[in-house]
Amino acid sequence: MSTKKRQINVKQDPRNRSYFGRALFFIVIIVFLTFIGRFFYVGLTHTAHGKNLTKLAQAMYAEQTEIKAKRGTIYDAQNQPIAEDTTTYSIYIVLSKSAKTLEGKPDYLQDSQKAKAAKVLSQNLGMNYDDLLKLFDADDGLYQVELGSKGKHISMETKKKIEAAKISGIKFTPAQARLYPNGVFASHLVGLAENEQSHLVGVMGLEKVFEKQLKGVNGVNKLAIDSRGTTLPNSKSQSKPAKDGDNVYTTLDTRTQTYLETLMNKAQETYKPKSMTAVLMNAKTGEIIAASQRPTFNPQTGEGLNDMWRNILLEDTYEPGSIMKILTMAAAINSGNYNANATFKSGSYQIDNQRINDWNTTGWGEITYREGFIRSSNVGMAKLEQAMGEKTWLNYIKKFGLLKSTNAGLGNEAAGSIEYKYPIEQANTAFGQGINVTVFQMLQAMSAVANNGKMVKPYLVSKVVDPNNGKIVFSQSPTVTGKPIRSSTAKEVREMMQDVVTDKDGTGTAYKIDGYDVGVKTGTAQIANENGTGYLSGETNYLFSVAGMAPINDPKYILYITMKQPKTFADQGETGMLASIFDPLMKRVLDEANDSNDEKVQTSVPDVKEMSPKEASEEVTQSDLVPAVVGEGEKVIEQSQTAGTSMLTGERVILVTNGTLTMPDITGWSRLDVMKLSELTGIDLDVQGNGYVTKQSVAPGEKLSKQTKLTVELK
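Residues numbered from 1 in each chain as written. Predicted model: local features only at pLDDT ≥ 70, side-chain atom pairs only at ≥ 80, totals over all residues. Heavy atoms only, no water.

Draft legend 1. Expanded view of the packing of helix 3 (residues 114-125) against helix 4 (residues 129-137). Where helix 3 meets helix 4, the closest approach of the two axes is 9 Å, and the angle between their N-to-C directions is 135°. Classed by the angle they form, the pair helix 3 and helix 4 counts as oblique. Our pair here, helix 3 against helix 4, has a crossing hand that is right-handed. Here Lys114, Ala115, Ala117, Ala118, Lys119, Leu121 and Ser122 of helix 3 lie close against helix 4, whose contacting residues are Tyr129, Leu132, Leu133, Phe136 and Asp137. The residue makeup of the contact of helix 3 with helix 4, split by class, is eight nonpolar, one polar and three charged. (Axes fitted to C-alpha atoms, helices over the stretch in contact; angles between N-to-C directions. Helix = DSSP H or I, 4+ residues; strand = E, 2+ residues; numbered from the N terminus. Parallel < 35°, antiparallel > 145°, perpendicular 65-115°, else oblique. Left-handed = near helix turned anticlockwise from the far one by under 90°. Contact = heavy atoms within 4.5 Å. Nonpolar A, V, L, I, M, F, W, Y, C, P; charged D, E, K, R; others polar.)

Here you go:
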């Protein structure tokens with residue numbers, strides 16, 4: 001029985017092997033056909049696992065280079081750059097003795113060169129020689145070290161001087177940077193752009209507000225290469241050109257702005273206030289001609305940036321004090337609640353068991369409301385508010401654009417606030433208490449008085465231009481935001497403002513300017529106690545202010561200045577303190593507007609390259625520009641302004657010759673002119689102060705070289 005079974009099994013083995021062989025054959029066929037099908041699919045579609053194999057292969061043998069877009073330039077009203085692109089460098093020192101060049105030579109700071117390196121770096125970076133030596137000799141096993149803030153943002157000229165020493169191990173990292181040639185120059189309005197991950201990004205001011213327009217779009221360049229990085233013959237490059245950022249044109253006048261900064265610096269040093277603001281505006285158009293604040297900062301060096309980040313012209317609100325009386329008087333006249341012959345008892349006035357006092361608490365007896373304005377009477381303004389009634393006065397407050405943003409388009413802007421529930425609060429607002437405003441709101445409101453009833457919005461940017469095609473992508477023109485008062489009302493208020501200056505009892509006699517009719521209103525606003533109720537005490541714990549218009553019959557300019565909590569009056573008194581800024585600035589702009597020879601006319605820069613210095617100077621002079629020849633050569637090889645550029649008549653064009661370079665007399669030159677001279681000649685520059693050159697460390701006629709260091713003082 002067992003034998004039979006074994007025989008049956010033996011007979012079945014060949015049959016099983018046959019089945020297995022067939023199955024294996026079919027499996028191999030199926031796998032083969034699957035691979036063949038897959039190869040055909042990949043070959044026809046060039047796709048695998050959802051990825052394009054052609055593009056992957058090209059990427060393996062392609063070199064891609066990013067083409068940096070140039071960030072747009074910010075210009076002043078005369079088309080001069082106030083913020084533009086440049087390249088700076090950061091230094092690091094390689095200390096590791098394992099660092100070698102491709103040729104096997106040492107590529108680190110060798111012991112024999114450490115003293116030389118310390119000397120060169122201390123001379124060019126202003127660092128301590130001994131501190132540098134200690135840094136180089138530190139046995140920390142570091143591969144490399146950096147030099148801190150003084151080793152960053154180094155100019156090309158400084159880099160060249162350090163490289164000229166030919167010291168191994170001193171390395172430079174380039175970075176895209178922003179050049180602010182004027183230093184402190186409406187800094188919180190113009191703003192700041194910083195390098196973030198190899199890209200410039202606007203972090204405040206116009207640089208931030210117009211970031212999208214200024215930044216541009218980077219391009220790309222692709223080339224086919226082999227495994228060794230060599231460009232393949234007959235390969236086509238695929239390029240996408242960079243689109244440079246748009247250029248922003250402002251309404252700032254550089255000469256006026258620079259002068260304002262100088263006056264502000266002097267006032268800051270003398271009176272040491274907690275903060276200051278000053279804005280000069282075109283009364284007809286709303287163009288901001290010059291504006292500044294303290295604390296401020298230098299965007300080129302970063303000095304002062306930590307003292308104040310906010311733009312207090314727009315973001316801070318405050319009680320305006322007696323400047324508000326301009327609007328109160330205008331509202332009372334316009335609403336028919338002002339009687340030129342009516343009188344009131346000055347000194348003090350009681351509302352709801354609370355007393356309103358004049359600054360002269362004993363008063364001046366029975367006086368007219370016009371006299372009350374001239375003497376800056378709180379009682380007179382409170383009575384006018386009561387005559388108007390709470391609804392009428394609040395309506396005028398809103399008509400003048402207060403309690404809402406001016407929408408100047410310059411970043412975050414406060415709307416202001418008001419306390420207006422009780423009669424005493426309503427009366428307080430008539431002389432500038434219990435209502436909070438911004439500088440721009442007050443400028444807009446005062447334009448209605450200056451501009452015969454038409455209120456215009458302050459603005460700083462006139463246009464934005466695409467440099468790639470010359471098209472204007474954004475423009476701004478004068479905008480009338482309302483007409484809160486009649487022309488006759490505006491004229492009457494202006495006459496009262498003139499009386500504030502000319503009347504013997506006026507509070508603004510310090511603001512007389514010889515040869516011009518000026519009108520002002522002064523203010524001394526109490527400052528709320530941040531740690532409790534009520535107001536601060538002490539003779540300097542106020543916000544002192546002045547708002548003026550000139551020429552008063554038909555104002556062209558509005559100048560508004562505030563100064564908060566000065567530490568001293570310096571024997572000038574509160575009006576003399578503000579007059580130190582107001583009077584010289586207003587006089588200068590009035591003089592310039594009145595001087596037909598100083599009329600701002602645009603002219604085109606001629607091409608004078610390859611000409612003799614004499615011919616070039618004559619050509620520049622014929623274009624109503626001022627030539628400045630640098631060097632003793634026979635022909636001009638470089639000019640500071642590109643041919644065809646528009647400039648104002650009377651501006652300077654620097655001409656560099658091919659001979660030995662010599663120092664010109666730069667007395668009276670602007671900061672921008674001096675920086676252009678530095679760029680053209682490669683000399684190292686140290687600028688001190690603001691304004692125009694009064695002193696130069698290199699005498700006129702001295703020879704210039706790459707090692708020359710020029711220090712200039714501006715005033």
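There is more to say after this.
Draft legend 2. Here's a closer look at the packing of aromatic side chains. One pass over the full model with this rule turns up seven aromatic pairs. Relative to Tyr249, the ring of Tyr75 lies with its centre 4.8 Å away and its plane at 15°, an arrangement referred to as stacked. Residue Tyr75 is found in strand 4 (residues 74-75), and its partner Tyr249 is found in strand 12 (residues 247-250); the two are separated by 174 residues along the sequence. A residue is classified by how much of its surface remains accessible, and Tyr75, at 17% relative accessible area, is buried. (Phe/Tyr/Trp six-rings, centres within 6.5 Å; stacked < 30°, edge-to-face > 60°. Buried < 20%, exposed > 50% of the residue type's maximum accessible area, 1.4 Å probe, protein only.)

Draft legend 3. Up close: the pairing of strand 8 (residues 192-196). With five bridges joining them, strand 8 and strand 9 (residues 199-204) adopt antiparallel strand pairing. Bridge assignment links Leu192 to a residue of strand 9, and that residue is Met204. Between strand 8 and strand 9, which pair antiparallel in sequence order, lie two residues; one of them, Gln197, sits at a positive phi of approximately 55°. (Pairing = 2+ DSSP bridges.)

Draft legend 4. View of the nonpolar core. If you look at the biggest cluster of nonpolar residues, it comprises 122 residues, and the most contacted ones within it are Ile326, Met329, Met446, Tyr560, Phe582 and Met586. Ranked by size, the runner-up nonpolar core spans 21 residues in total, among them Ala118, Val120, Leu147 and Ile162. (Core = buried A, V, L, I, M, F, W, Y, C linked by side-chain atoms within 4.5 Å.)

Draft legend 5. Quick look at the sheet that holds strand 32 (residues 652-657). Ordered in space as 29-32-30, the three strands form an open sheet in which the pairing is mixed. Among the strands making up the open sheet, the edge pair consists of strand 29 (626-630) and strand 30 (636-639). This sheet shows a mean twist of 30° between the axes of neighbouring strands, independent of strand direction. Here five bridges tie strand 29 to strand 32, and the two strands are oriented parallel to one another. Opposite Val626, over in strand 32, you have Arg652 as the bridge partner. On top of the sheet, helix 18 (residues 613-622) reaches strand 29, strand 30 and strand 32; it is set at about 160° to strand 29, its chief contact. Packed onto the sheet, helix 19 (residues 671-681) meets strand 29, strand 30 and strand 32 and runs at close to 20° relative to strand 32.

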